[in-house]
Structures are given as C-alpha cells and as structure tokens.
Amino acid sequence: MRTAILVSLCATSALTAMAAEPPRPSPPLTIERLGAPAVQLSQYRGKVVALAFISTTCPHCQDLTKLLGPLSREYVLRGVQVLECAFNDEAQPNMAAFLQQFQPPFPVGWTSRAAAMAYLQRTILDPKPLYVPHMVFLDRRGIIRADCPGESDFFKDPATNIRAELEKLLKPPK
C-alpha cells in the first residue's frame, strides 16, 4: 500500500512540475505553406495563438484538424489565431492532399523536424519520443503559456481543454 501511495505521489508531483513550467517567450518559427507565403509565428503578436504540431498521416492529428476548424471559426472574432505545423518527413509532399481532405479554415503548413524539436525545446538525444498532436498556446505578447504534449491527459478531451486554455488566455489582464 505504501508503495502505491508513493508511486501516486511521485506521478502527481511530476505532472505538477510539468504543468508548473514557467511561461517562456516563443522562439521564432517559420511555417512553410503551399501556394501561399510562409507564416512567421511572430506575425500573430497581439493575438492568442493555438499552435498544433502534427503529422499529416497521424489519425489523431487529422481528428484534431477536424476539431480545430469549428473552434477557429468560433474564436476568430475574439482575437484567436489557430495554426497547424506538420513536421513529419512526408509533410510537404502530403500537404496538398491533406488540405484538400480536411479544408482547414486556418493556416496549415510544415517545417523541418529539427525546427519543430528546437521550438519545443527537445533534442535528438531526448530518449522520450515526441508524440503528436502537440499543442502550444501563446498569449497576445508571444509568451508560451501552455505546452501540451501528445501523450498528456490534455488530449483525452481536447475540445474542452482547448476551450479552457483559450478562455484563460482571453481574460483581461489583472
């Protein structure tokens, strides 16, 4: 029994430590797009940004894209910008088919795996895999306020959790 309690406390402590990571300025990120200018993440300063890192071939990422469509329409007039950035090896050649199939009403593009890993403060030496989808939420000043890895509980109910993050970031500053 003591072991189970200790394991539970350690797990809770680890989750709290991850959730308590201090906010940090968003590093630069360029998202290449088909038939459109590249997106610089910094061009959305002044807006709340919901940025999803995806793989174009991942069913969970495709489901997230379907979910983000209506959410982006709902929140656009409140100053929210939704973006998706694929970084799988076949992202660029798959992008046309991906866009045709899902028709997202927000910018979707790609970057290199190295650029995505650097943005998410991960290295190739990191033994933990980078699961997708992975969402990052930026406030109006370009500060990362939430970083939600693909393996986190955040994705057990993404619609509710995305709304909660957006609502938190849309509240007037105190």
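See the structure shown above.
Residues numbered from 1 in each chain as written. Predicted model: local features only at pLDDT ≥ 70, side-chain atom pairs only at ≥ 80, totals over all residues. Heavy atoms only, no water.

Student: Is there a simple way to think about the packing of aromatic side chains in this case?
Tutor: Two numbers describe a pair of aromatic rings. These are the distance of the centres and the angle of the planes. For the structure shown, the criterion picks out five aromatic pairs. Summarising the aromatic geometry, the rings of Phe53 and Phe87 are spaced 6.3 Å apart at their centres and angled 70 degrees between planes, so their arrangement reads as edge-to-face. One end of the pair, Phe53, is in strand 4 (residues 48–54); the other, Phe87, is in the loop between strand 5 (80–86) and helix 3 (91–102), and 34 residues separate them in sequence. We note that Phe53, like Phe87, is buried. When the ring of Phe154 is compared with that of Phe155, the centres are 5.1 Å apart and the planes differ by 75 degrees; the resulting orientation is edge-to-face. Given the relative accessible area of 10%, Phe154 is considered buried. (Phe/Tyr/Trp six-rings, centres within 6.5 Å; stacked < 30°, edge-to-face > 60°. Helix = DSSP H or I, 4+ residues; strand = E, 2+ residues; numbered from the N terminus. Buried < 20%, exposed > 50% of the residue type's maximum accessible area, 1.4 Å probe, protein only.)

Student: Help me out: how do you make sense of the pairing of strand 5 in this one?
Tutor: Walk down a regular strand and you will see the side chains alternate between the two sheet faces. Of all seven residues in strand 5, seven are buried; the element is thus mostly enclosed. Both faces of strand 5 are covered, namely the face carrying Val80, Val82, Glu84 and Ala86 and the face carrying Gln81, Leu83 and Cys85. With seven bridges joining them, strand 4 and strand 5 adopt parallel strand pairing. Opposite Leu51, over in strand 5, you have Leu83 as the bridge partner. In this fold, the crossover linking strand 4 to strand 5 by way of helix 2 (residues 59–75) has right-handed handedness. Pairing of strand 5 with strand 6 (residues 108–110), which is carried by three bridges, proceeds in the parallel orientation. Note on strand 6: the bridge partner recorded for Ala86 is Trp110. (Pairing = 2+ DSSP bridges. Right-handed = clockwise from strand over helix to strand, strands pointing away.)

Student: How do you make sense of the pattern of salt bridges when you look at a structure like this?
Tutor: If the charged atoms of two oppositely charged side chains come close together, the side chains can form a pair. Across all of its chains, the model carries ten salt bridges by this definition. Between Asp147 and Arg24 there is a salt bridge, with the nearest N and O atoms lying 3.0 Å from each other. With Asp147 in strand 8 (residues 143–148) and Arg24 in strand 1 (residues 24–25), this residue pair connects regions lying 123 residues apart in the sequence. For Asp126, the salt bridge identified is with Arg122, shortest N-O distance 2.7 Å. What makes Asp126 partly exposed here is its relative accessible area of 28%. Salt bridges linked by common partners bring Asp139, Arg141 and Arg145 together as one network. (Salt bridge = Lys/Arg side-chain N within 4 Å of Asp/Glu carboxyl O.)

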